[in-house]
2 protein chains.
Amino acid sequence: MKKRPSMIAVLLMVLASPALANSLRDQAKGLFQPIPESASIPGETATPEKVALGKALYFDPRISNNHDMSCSTCHNLSMAGIDARSSAAGHIGQLGGRKTLSVLNAVFNISQYWDGRVAGLKEHVVNSVMANPAAMFKSRGGPIMFNPADLNATRQRAVEQLKSIPGYVTAFKQAFPGEADPIVYDNVGHAIAVFETTLLTPDAPFDRWLKSDDAALSDTQKEGLALFMNKGCASCHNGVNIGGGSYARFGVMQSPGEEHLPPDDLGRFAVTKDVADKYVFKVPSLRNIELVAPYFHSGSTWDLKKAIAVMGEAQLGQKLTQAEIDRIQDFLMSLTGKQPEVALPILPPSAYVARP
Amino acid sequence: MKKRPSMIAVLLMVLASPALANSLRDQAKGLFQPIPESASIPGETATPEKVALGKALYFDPRISNNHDMSCSTCHNLSMAGIDARSSAAGHIGQLGGRKTLSVLNAVFNISQYWDGRVAGLKEHVVNSVMANPAAMFKSRGGPIMFNPADLNATRQRAVEQLKSIPGYVTAFKQAFPGEADPIVYDNVGHAIAVFETTLLTPDAPFDRWLKSDDAALSDTQKEGLALFMNKGCASCHNGVNIGGGSYARFGVMQSPGEEHLPPDDLGRFAVTKDVADKYVFKVPSLRNIELVAPYFHSGSTWDLKKAIAVMGEAQLGQKLTQAEIDRIQDFLMSLTGKQPEVALPILPPSAYVARP
């Protein structure tokens, strides 16, 4: 591997100058924004009642077909909103074929899923909770296998389950006042989506630095940031989520190899049927990246440095030096924010116990 | 079904008298104790560091073989410490054949599991977390199938996983100060056990009534309590946990039928090899009983009234009237305590991300 000590040396000198440090921040401010303290979905009212209902539903396995999975099974809020597995697992343990994306800060993404097949969090819930993730993902390359009959049956079952639970009857009425029949599947989506808007990770060292706290980043992290911007990483990984805002072909300069890009997963092509979208995926957010291994849609590496190296070659056509990779990883470590504090909800009991 | 309105009428008169209401409480105090605000395990120090470590481990799927199950998978603290399924499910969804018992207030039980095969919470962890629950339960009637090779391998894997996570290396050192090699499997058990001693449900209406709050029970609940004691239910279901303190043959007066007592599950016999222990099980706690359906070790009914009727015939040789069953259920509803408030732990990240 070719070393480039001279570039690092130059950067070190550059960063030592206060004026130029400011210009680093100015450059960064043109590309990135800190995670705000709160977020909302346009057109979606977030009352405390709706958030509380959404939180209960997020943790409730009774909306899954076997009563054995909830949103939190894959999007574990103790583990940065993922399952730490290389492939999402759905109903009866079937593997989905793509790595779980984090629910944290997901409200800031342009769309949901690796292929962006739905726009918003509500639509993600409506598609995911009841669907068999394996059925959804197995279709890689071919049509997206939403079996409407299966989905409808399972959604109907979920609605029936919820209607049978007195605590949910009350909670849906309070969350959706004025609706004659509030326990409908779309409202499950609305409630969980507004709860998910609370799952933010503000106050990362990088965000504090963006807001002028010079000491929040170390010198090597600032070097990494400069490399991240100047090498071209930030042309896709930018905005609030340092990614999540656009789509890109994985392997735009050269193929990362079948290990990382399995040929049967055509990515966004399955959604748009546009040949230009073959092997195109949503650019993932790099927020909390140190916590969400394994990496890539294929979950093909647990090593962030390996992932940085692969991205350099596949997306930028550059063989990064070990020193550059180290610095970029140092910077990426500064994207770990304050994890949301979540008190476990106490779920309303099933009404199996018949009152006199 | 034979009705006994006269007994109910007599009880109503009895309970109307303040002096006799006190004697009801005196009788109850001789049989039951309220859930205390805190609990401990003899010989087990519960430092804040050990409790915090135990809490993290309780929620951490990385100590399971596939990284897909934690204590909280079956003992869901949003659902009264159970999974609301008729059979516990272990590794790759294999069903265990017995219903999950709640972790709430489990510290007050004489032993753990339906067959009391281990004495304490620590031993339960050591046996359960790494073992395949299906393998443990499938042996019903025969020898308990602990495959030492499997267990050892899996325990070793768990220990290796924990040792690879820097946050746990620190947390074990803090929880077990002075130990040269604190990440050993027994300490996983110690830590989770002390966390579990915090999972109590005090302040149930019945407990408030025991402590002299007359209004905490309704008149029908007091009638139900009187029936519960006078019919003989309380001869087994007594103490702090209203059960959990002794063993009894299921079907001591007459068989409850194969629906409720599958013939191939010989219960405690598999532990003691004493023929007198055939079909003997630990008397389950009735704390939070309305929240922990389905009922019996076989999870054979979701209807608490049905369970009360079955118990009357099988254990007491009495065909309870519908009115008696209704009153007893009213009383059992008063055993629902304040559920523990648990903030989700943020788990220490895996060390897959190599530092420079």
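Calculation notes
- Residues numbered from 1 in each chain as written.
- Chains lettered and ligands numbered in written order.
- Predicted model: local features only at pLDDT ≥ 70, side-chain atom pairs only at ≥ 80, totals over all residues.
- Heavy atoms only, no water.
- Buried < 20%, exposed > 50% of the residue type's maximum accessible area, 1.4 Å probe, protein only.
- Helix = DSSP H or I, 4+ residues; strand = E, 2+ residues; numbered from the N terminus.
- Arc of directions from axis to C-beta.
- Salt bridge = Lys/Arg side-chain N within 4 Å of Asp/Glu carboxyl O.

K.L.:
What exactly am I supposed to notice about helix H8 (residues 166-175) of chain A here?
P.N.:
Residues separated by three or four positions in an α-helix point in the same direction, a consequence of the helix having 3.6 residues per turn. All of the buried residues along H8(A) are Tyr168(A), Ala171(A), Phe172(A) and Ala175(A). The buried residues of H8(A) occupy an angular sector of 100° when projected down its axis, which confines them to one face.

K.L.:
Just to check I follow, could you spell out unusual backbone geometry for this structure?
P.N.:
What is expected of a backbone is that most residues other than glycine have negative phi and most peptide bonds are trans. Residue Pro294(A) is reached from Ala293(A) by a cis peptide bond, and omega for that bond is 0°. Inspection of the secondary structure assignment puts Pro294(A) in the loop between strand E2 (280-282) and helix H13 (304-316). Its identity as a non-glycine residue notwithstanding, Phe296(A) has a phi of 75°, on the positive side. When you line up the elements, Phe296(A) lands in the loop between E2 and H13. On the basis of relative accessible area, Phe296(A) is assigned to the buried category, the value being 11%. With phi around 60°, Asn105(B) is a residue other than glycine that occupies positive phi space. Within the fold, Asn105(B) resides in the loop between helix H4 (71-74) and helix H5 (121-128).

K.L.:
What should I look at first to understand the pattern of salt bridges in this one?
P.N.:
Pairs can form between side chains of opposite charge whenever their charged atoms are close. Residues and elements named next belong to chain A. Applying the stated criterion across every chain yields a total of 34 salt bridges over all chains. The partner of Asp207 in a salt bridge is Arg287, and the shortest N-O contact between them spans 2.9 Å. With a gap of 80 residues between them, Asp207 in helix H10 (residues 205-210) and Arg287 in the loop between E2 and H13 connect regions that are remote in the sequence. Judged by its relative accessible area of 0%, Asp207 falls in the buried class. Exposure remark for Arg287: the relative accessible area of 4% places this residue in the buried category. Arg327 serves as the salt-bridge partner of Asp330, at 3.7 Å between the closest nitrogen and oxygen. Of this pair, Asp330 and Arg327 are both found in helix H14 (residues 322-333), three residues apart, which corresponds to roughly one turn of the helix. Pair check on accessibility: Asp330 and Arg327 agree, each one buried.

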